[in-house]
Amino acid sequence: MARASCPKCQRLMLHCICELVTPITARTLLTLVQYPGEELHPLGTAALVEHCLGCPLIRTEQLLSRPSYWPDDTALLFPADDAKCLSSLVKPPSHLVVIDGTWRKALRLYEQSPALKSLPTVALPQGTVSRYRLRRSRKQGALSTVEAISRALALLEPGLCLEPLDHAFDGLIQRAMARLPLAARQHYE
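Not measured: the values here are computed from a predicted model.

**Student:** Please clarify how the overall build of the chain should be interpreted in this entry.
**Tutor:** For the chain, the count of helices and strands is six helices and six strands. Its helices and strands taken in sequence order, the chain reads β-α-β-β-β-β-α-α-β-α-α-α from the N to the C terminus. Look at the contacts in the chain between residues 6 or more apart in sequence, and 71% of them connect residues 24 or more apart. For the chain, the computed accessible surface area is about 10800 Å², with 53% contributed by carbon and sulfur atoms.

In structure tokens form, the structure reads like this:
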């Protein structure tokens, strides 16, 4: 028997995020480039960004070259060696591309994609700690997609209210924690 999916967010009803989402209007254009299979992960955060900010989500197999509709000042949010810190930019990019996937997958995608490697890279300031207890990275400073975008937008648009995005992220974590058995839940608290 097939499981029912939410017609709006396309996720299994068990993982529907619609009740968590409140739309936000940002000046900065965003595009998410998602690693294959990440869309199936019930704890993935790209869907929160996609639905809160209304940004397009590109599956990696669709990104063969840099799309012509991306503005000239498009930048990739990625901590490459030559990345400029977002907080120190005189003229911030009008369009930010963000890779969605685990750190290892994001690095692999960046290294294998001429379209992504052709973009100038920007990074978040050092010292940011992730609140995402359920999916962890061994890389220090690694953030979930929603956390990275929220912090980037806070730097690019200081007056923008990002509480709905943070609230959606907290709701996703709380809902997932509530589904865990007590013994497993204590591991993450």
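**Student:** When you look at the environment of Arg-11 in this model, what are you seeing that I'm missing?
**Tutor:** Within the element layout of this structure, Arg-11 appears in the segment before strand E1 (29-34). With 28 residues separating them along the chain, Arg-11 and Glu-39 place their C-alpha atoms 8.8 Å apart.

**Student:** Can you walk me through the packing of aromatic side chains in this structure?
**Tutor:** To describe a pair of aromatic rings, one takes the distance between the centres and the angle between the planes. If you walk through the whole model with that rule in mind, you get two aromatic pairs. Ring centres 5.4 Å apart and planes at 15° place the aromatic pair Phe-78 and Trp-103 in the stacked group. Here Phe-78, found in the loop between strand E3 (74-77) and strand E4 (84-85), pairs with Trp-103, found in helix H2 (residues 103-112); they are 25 residues apart in sequence, far enough to count as distant. You can call Phe-78 buried: its relative accessible area is 5%. Measuring from centroid to centroid gives 4.3 Å for Phe-78 and Tyr-110, while their planes differ by 25°, and the two rings are stacked. Of the two residues, Phe-78 sits in the loop between E3 and E4 while Tyr-110 sits in helix H2, which places them 32 residues apart along the sequence. Among the aromatic residues, those joined into a cluster by ring pairs are Phe-78, Trp-103 and Tyr-110.

**Student:** What is the right way to read the sheet that holds strand E6 (residues 121-123) from this model?
**Tutor:** Strand pairing within a sheet occurs via backbone hydrogen bonds; the two strands may be parallel or antiparallel. If you walk across this open sheet you meet the six strands as E2-E1-E5-E3-E6-E4, and the pairing is parallel. The outermost strands of the open sheet, each flanked by one partner alone, are strand E2 (57-59) and E4. Sheet topology note: the E3/strand E5 (residues 95-100) ladder contains four bridges and is parallel. Its bridge partner lying in E5, Ala-75 is registered against Leu-96. Docked against the sheet, helix H1 (residues 46-53) engages E1, E2 and E5, running at close to 150° with respect to E1. Along the sheet, helix H4 (residues 145-156) makes contact with E1, E3 and E5, crossing E5 at roughly 160°.

**Student:** Teacher, can you tell me more about the nonpolar core here?
**Tutor:** Side chains of nonpolar character tend, in soluble globular proteins, to be buried together. One finds Ile-17, Leu-32, Val-49, Leu-53, Leu-77, Leu-96 and Ile-149 to be the most contacted residues of the largest nonpolar core, which totals 38 residues. Leaving out residues up to four positions away in the same chain, Leu-53 has contacts with Ile-24, Ala-26, Leu-30, Ile-149, Leu-153 and Leu-165. In terms of nonpolar packing, the next biggest core, distinct from the first, is built from 14 residues, Val-33, Trp-70, Ile-99 and Leu-116 among them.

**Student:** Please clarify how the pattern of salt bridges should be interpreted in this entry.
**Tutor:** Side-chain pairs of opposite charge can arise whenever the charged atoms involved come near each other. In the structure shown here, the tally under the stated rule is two salt bridges. A salt bridge links Arg-27 to Glu-157, with the shortest nitrogen-to-oxygen separation between them at 3.9 Å. Note that Arg-27 is positioned in the segment before E1 and Glu-157 in the loop between H4 and helix H5 (163-179), a separation of 130 residues in sequence. For Arg-27, a relative accessible area of 65% puts it in the exposed group. The salt bridge involving Asp-73 is made with Lys-91; its shortest N-O contact spans 3.7 Å. You can see Asp-73 sitting in the loop between E2 and E3 and its partner Lys-91 sitting in the loop between E4 and E5, a full 18 residues away along the chain.

**Student:** I would appreciate a short explanation of the packing of H1 against H4 in the present structure.
**Tutor:** A pair of packed helices is captured by two measures, namely the crossing angle of their axes and the spacing between those axes. Packing of H1 against H4 brings their axes to within 7 Å, and their N-to-C directions diverge by 45°. Here H4 runs oblique to H1, going by the angle between their axes. The residues of H4 that touch H1, namely those facing Ala-46, Val-49 and Leu-53, are Thr-145, Val-146, Ile-149 and Leu-153. By residue class, the composition of the contact of H1 with H4 is six nonpolar, one polar and no charged.

The rules behind the values
Residues numbered from 1 in each chain as written. Predicted model: local features only at pLDDT ≥ 70, side-chain atom pairs only at ≥ 80, totals over all residues. Heavy atoms only, no water. Helix = DSSP H or I, 4+ residues; strand = E, 2+ residues; numbered from the N terminus. Contact = heavy atoms within 4.5 Å. Areas by Shrake-Rupley, 256 points an atom, 1.4 Å probe, with all protein chains shown as cover. Phe/Tyr/Trp six-rings, centres within 6.5 Å; stacked < 30°, edge-to-face > 60°. Buried < 20%, exposed > 50% of the residue type's maximum accessible area, 1.4 Å probe, protein only. Pairing = 2+ DSSP bridges. Axes fitted to C-alpha atoms, helices over the stretch in contact; angles between N-to-C directions. Core = buried A, V, L, I, M, F, W, Y, C linked by side-chain atoms within 4.5 Å. Salt bridge = Lys/Arg side-chain N within 4 Å of Asp/Glu carboxyl O. Parallel < 35°, antiparallel > 145°, perpendicular 65-115°, else oblique. Nonpolar A, V, L, I, M, F, W, Y, C, P; charged D, E, K, R; others polar.

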